[in-house]
Amino acid sequence: MKDAPTNLGIDYDPVRHPEGCRPGIDCAHWVIRGARLLDPASGVDRVDDIYLADGRIVAIGEAPGDWPGDHAEHVCPSGHWLIPGVIDGWARLREPGLEHKAGIATESAAAVAGGITTLVMPPDTMPVLDTVAVARYIKRRAQLAGRARVVAIGAMTQQLGGELLAEMATLDEGGCVAVSNAHYPFADLRLMRRALEYAATFDLQVLIQPLDPSLAARGCAHDGAVATRLGLPGLPVSAETAPLAQLIAMISETGAKVHIPMLSSAEAVRLVERARNDGLPITAGVSAHHLWLTEMDTDALDPNSHVIPPLRTIRDRDALRRGLAEGVITTVVSDHQPHEPDAKLAPFPETEPGVSGLETLLPLVLKLADEGAVSLERALSAVTRNPAALFGLADAGTLAVGQRADLALIDPDAMWSLDDVGMRSAGENCPFTGWDFGHQVGATWVNGRRVFLREE
Amino acid sequence: MAVKFVRPKIPKFAPDPWAIQFDDQGRLRHLLTIEGLGPEWITRILDTAEGFVSVTDREIKKVPLLRGRTVVNLFFEASTRTRTTFELAAKRLSADVLNLNLATSATKKGESLLDTLHNIEAMQADMFVVRHEQSGAAHFIARHVAPHVSVLNAGDGWHSHPTQALLDAFTVRRHKGDFTPLRIAIVGDIRHSRVARSQMHVFNSLNVGELRVIAPRTLLPTDVEKLGVRVFHDMREGLKDVDVIIMLRLQRERMESGLLPSEEEYYRLFGLTEEKLGWAKPDAIVMHPGPANRGVEIESSVADGPQSVILEQVSNGIGVRMAVMSLCMSASATGDA
């Protein structure tokens, strides 16, 4: 396993500029000069200086009146973009419980190298994130690691067992940004309906990934021509759409606010679009890999393209892109699932599903804008302002005075691939090795500290 | 203080999964699937097999082509017929043969597939004959074996069973000669059949006139027509003007998993009886990869009848497997010299 990077400490030290201040690490005041500020939430798109102090953005353009002379400066090469730090709405960090795969320290360091400043963690940890104690543990581990901020989604049922409700209101008060049963099913529809009703009582954001376990069965690839040729057990579209239709029926009855972390099929996009047109409080996201890969990528039996929900047809991929372009899909997530090498060292159906996606999330989203599949504004919104709104992160996701100083600096004209730079995540199960990317993160600030600087 | 980051090496993944079957000089090294062989290699294997089939008709059946070589039968799934014919083929080529029945052995004790593999590799094996219940297992093994080892796929999940398809093509060729005017029908559980998938590739590669599949929809995989077959759900229509009928084995689990209501209804609709055989061409041949369920997918009088070539398939299987073994080993033999 890779060593965790040196601890930087994320909590801001209120003493200004002590002796021996290490600019960029300890320094409380930053001015970032000459970047093109790009922020869909505030509509800002101009070259300007930005001032950070006490973990916040304190000014854009002119320095504030009490600006000290001994601040740290980051002068950006001409043409580089400064965007709000990326919020990844669905990422497994494997801690607590599966530290042999990865940990909060390694993964939050990989995240900031990919421009991600906030990681939203589903509750399927061990122990399950169904108590405030686990939520606090995660927060503390993230603070110790000192890279990206980590926020947690609480469990909807105890032990994610699908039978007894978890203390959702307490989890909410304890800092969880939403509730979910991750990919675990509810015991029955009645229990699910009650969990939604209870969550709606407290106006909690609910995340549900629709996947019918009996239809999914042993399926490990999209039930289509490629799985047929390779003799792989197929996972049909109805494994997603049938439970989605049931979920929509229950949203209409309970009024629960529900977000689908990842859609995988054209038919599911259509169902969500129709429910939204009916005024239901449903929103949806998509993973970056579903926007780029199809069943054809499982053709070589590459275990790195073994994901659930599976990669589907080109028609599905195009419908997901169109859904994002038209606003039916509002967020893009990494669905980060780092694995140890052994998890992928087996015949395809026996490998563990999931990709390590933190370092490719932002490059893949921006590549979509490059190719004209979605506007740059939509692409950036899907990883900044929209997840901020979804999870109620009021002080993140935009470049405005008073907001958290979470920022990512991007070279929009870089040419790079993962083969050249290597992966920082403990999991190297990434299907995008060898791909060329045109945007590279040069530096990242979290809470006013520069936690990542790319060294050439 | 700068954080030092060590760049890890990311292994490359072959973009063309079928290319792994050939060495860098274009010689056949592994046989994993029919895909990628093309008509030239298939014909070459069938032609080589002709020579070996005549060897098996001789008084002394051995040839010394693989003397001093070790062939290991790695069977992670139970099999009698396939394992036996591979064993006989290797012995007739004068190889040493080791049979490992791993369905009951190490892997059940939690040993990983790769560990089992490397252990046997360390015993100086030259060729692995692999059967495994997971699709893609033979590719996985071929990707991880030492450079001098050949891998022959003896069936992986629902994916591929290339030597069975080759011996079927061999049998058809012996009876019918040219493939281009032929109509061939595969009947039964296509969905769970590695044999059917390999047959589709072999007959389409050999430019067969028309390839049909006949089955209820629950026994057909999604988009099966994209593999180059015409789909029928009715035996009378499907068998019309057919030269070759290939019946597939129906497993009893299919009734329990809700794919079929009963053996009786299946037999009535899709079982090959003498009456239904009459709907095909009068000189049609009947094939079955075995073991046949009499009274479930085929009537005894048809299986044992004059049009049946089922036993011939078994004996041809030895010659075809000898051909594949000798071709794959000749790549590594010249490598040693």
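In what follows, the structure referred to is the one given above.
Residues numbered from 1 in each chain as written. Chains lettered and ligands numbered in written order. Predicted model: local features only at pLDDT ≥ 70, side-chain atom pairs only at ≥ 80, totals over all residues.

## Details of the overall build of chain B
Link 1 in the chain: Along its length, chain B carries twelve helices and nine strands.
Link 2 in the chain: A globule of 337 residues ought to have a C-alpha radius of gyration of about 20 Å, and chain B, at 21 Å, matches this closely.
Link 3 in the chain: Judged by the C-alpha coordinates and their principal axes, chain B covers about 80 × 60 × 35 Å.
Link 4 in the chain: Going through the 337 residues of chain B one by one, you find that 46% of them count as buried.
Link 5 in the chain: Counting only contacts in chain B whose residues sit at least 6 apart along the sequence, the fraction spanning at least 24 positions is 76%. (Helix = DSSP H or I, 4+ residues; strand = E, 2+ residues; numbered from the N terminus. Rg over C-alpha atoms; globule rule 2.2 N^0.38 Å. Buried ≥ 20, exposed ≤ 12 C-beta atoms within 10 Å, placed from the backbone. Contact = placed C-beta atoms within 7 Å.)

## Regarding the sheet that holds strand β7 (residues 230-232) of chain B
Residue and element names in this part refer to chain B.
Link 1 in the chain: Taken in spatial order, the five strands line up as β7-β6-β5-β8-β9 in an open sheet, and their pairing is parallel. Of all the strands in the sheet, just β7 and β9 (285-287) have a single pairing partner and so form its edges. Within the sheet, the average angular offset between the axes of one strand and its neighbour, ignoring direction, is 20 degrees.
Link 2 in the chain: Two strands pair when backbone bridges link them, and strand β5 (residues 183-187) and strand β8 (residues 244-247) are joined in this way by four bridges, in the parallel orientation. Across the sheet, the residue bridging to I184 is V244, located in β8. (Pairing = 2+ DSSP bridges. Axes fitted to C-alpha atoms, helices over the stretch in contact; angles between N-to-C directions.)

## Some remarks on the nonpolar core
Link 1 in the chain: Counting residues in hydrophobic clusters, the biggest one holds 132 residues, and the most contacted among them are V120, V179, V206, L263, V272 and V365 of chain A.
Link 2 in the chain: Discounting chain neighbours no more than four positions away, the residues touching V272 of chain A are I260, L263, I282, A284 and V328 of chain A.
Link 3 in the chain: Counting residues in each nonpolar core, the second largest holds 96 residues, with V151, L277, M287 and M322 of chain B among its members. (Core = buried A, V, L, I, M, F, W, Y, C linked by C-beta atoms within 7 Å.)

## So, the packing of helix α4 (residues 189-201) of chain A against helix α7 (residues 238-254) of chain A
Residue and element names in this part refer to chain A.
Link 1 in the chain: It is the contact of α4 with α7, at a shortest axis distance of 10 Å, that shows an interaxial angle of 40 degrees. In terms of axis orientation, α4 runs oblique to α7. With respect to the hand of their crossing, α4 and α7 are arranged in right-handed fashion. Here L189, M192, R193, L196, E197 and A200 of α4 come into contact with α7, specifically with Q246, M250 and T254.
Link 2 in the chain: When its residues are assigned to classes, the contact of α4 with α7 shows five nonpolar, two polar and two charged. (Parallel < 35°, antiparallel > 145°, perpendicular 65-115°, else oblique. Left-handed = near helix turned anticlockwise from the far one by under 90°. Nonpolar A, V, L, I, M, F, W, Y, C, P; charged D, E, K, R; others polar.)

## Here's the deal with the sheet that holds strand β7 (residues 116-121) of chain A
Residues and elements named next belong to chain A.
Link 1 in the chain: Strand order across the open sheet formed by eight strands is β6-β7-β8-β9-β10-β13-β14-β15, with parallel pairing between neighbours. For this open sheet the edge positions go to β6 (86-88) and β15 (331-333), each flanked by a neighbour on one side alone. Averaged over all pairs of adjacent strands, the angle between strand axes in this sheet comes to 30 degrees, irrespective of strand direction.
Link 2 in the chain: Examined bridge by bridge, β7 and strand β8 (residues 149-155) share four bridges and lie parallel to one another. Bridged to L119 within β8 is V150.
Link 3 in the chain: Sheet strands in contact with helix α2 (residues 132-145) are β7 and β8, and its direction is about 165 degrees off that of β8.
Link 4 in the chain: Each of β6, β7 and β15 touches helix α10 (residues 358-370); the most contacted strand, β6, lies at about 120 degrees to it.

## Side note on the pairing of β7 of chain A
Residues and elements named next belong to chain A.
Link 1 in the chain: Within β7, six of the six residues are buried, which leaves the element mostly enclosed by the surrounding structure.
Link 2 in the chain: With three bridges joining them, β6 and β7 adopt parallel strand pairing. Bridging from a neighbouring strand, D88 pairs with L119 of β7.
Link 3 in the chain: With respect to chirality, the unit in which β6 leads through helix α1 (residues 104-113) into the neighbouring parallel β7 is right-handed. (Right-handed = clockwise from strand over helix to strand, strands pointing away.)

## Observations concerning α4 of chain A
All names here are of chain A.
Link 1 in the chain: The end-to-end C-alpha distance of α4 is 18 Å, a good match for the 18 Å that 13 residues give at a rise of 1.5 Å each.
Link 2 in the chain: All of the buried residues along α4 are M192, A195, L196 and A199. End-on, the buried residues of α4 take up no more than an arc of 95 degrees, which puts them together on one face. Structural note: α4 exposes R190 and T201 on the side pointing more than 90 degrees away from its buried face.
Link 3 in the chain: On its buried side, α4 packs onto α3 (168-173), β9 (178-180), β10 (205-207) and α7.
Link 4 in the chain: Among the residues trailing α4, D203 stands out with phi positive, at a value near 55 degrees. (Expected span 1.5 Å × (residues − 1). Arc of directions from axis to C-beta.)

## Here we look at unusual backbone geometry
Link 1 in the chain: A cis amide bond links I308 of chain A to the next residue, P309 of chain A, at an omega of -5 degrees.
Link 2 in the chain: Relative to the assigned elements, P309 of chain A resides in the loop between β14 (282-287) and α9 (314-326).
Link 3 in the chain: Residues G290 of chain B and P291 of chain B are joined by a peptide bond in cis, for which omega reads -10 degrees.
Link 4 in the chain: As for its position among the elements, P291 of chain B is in the loop between β9 and α11 (300-303).
Link 5 in the chain: Located in the positive-phi region is D203 of chain A, a residue other than glycine, with phi close to 55 degrees.
Link 6 in the chain: As for its placement among the helices and strands, D203 of chain A is situated in the loop between α4 and β10.
Link 7 in the chain: On the basis of neighbour count, D203 of chain A is assigned to the exposed category, with 11 C-beta atoms found within 10 Å.
Link 8 in the chain: One non-glycine residue, A217 of chain A, adopts positive backbone phi at about 45 degrees.
Link 9 in the chain: Within the secondary structure, A217 of chain A sits in the loop between α5 (213-216) and β11 (221-222).

## A short note on the environment of D411 of chain A
Residue and element names in this part refer to chain A.
Link 1 in the chain: For D411, the position within the fold is in strand β16 (residues 407-411).
Link 2 in the chain: Residues D411 and G438, 27 residues apart in the sequence, show an inter-C-alpha distance of 8.3 Å.
Link 3 in the chain: Those residues in contact with D411, other than ones at most four positions away along the chain, are H80, Q440 and G442.

## Here's the deal with the pairing of β8 of chain A
All names here are of chain A.
Link 1 in the chain: Most of β8 is tucked away, with seven of its seven residues classed as buried.
Link 2 in the chain: The sheet contact formed by β8 and β9 spans three bridges and is parallel. Within β9, the position partnered with A155 by the bridge is S180.
Link 3 in the chain: Note on the crossover from β8 through α3 to β9: the handedness is right-handed.

## Remarks on the packing of helix α5 (residues 162-176) of chain B against helix α6 (residues 194-205) of chain B
All names here are of chain B.
Link 1 in the chain: Running from N to C, α5 and α6 point in directions that differ by 50 degrees, and their axes come no closer than 8 Å. The angle between the axes of α5 and α6 places the two elements in the oblique class. Crossing hand, α5 versus α6: right-handed. For the pair α5 and α6, contact is made by P162, Q164, A165, L166, D168 and A169 and by V195, S198, Q199, H201, V202 and F203, respectively.
Link 2 in the chain: For the contact of α5 with α6, a count of residues per class yields seven nonpolar, four polar and one charged.

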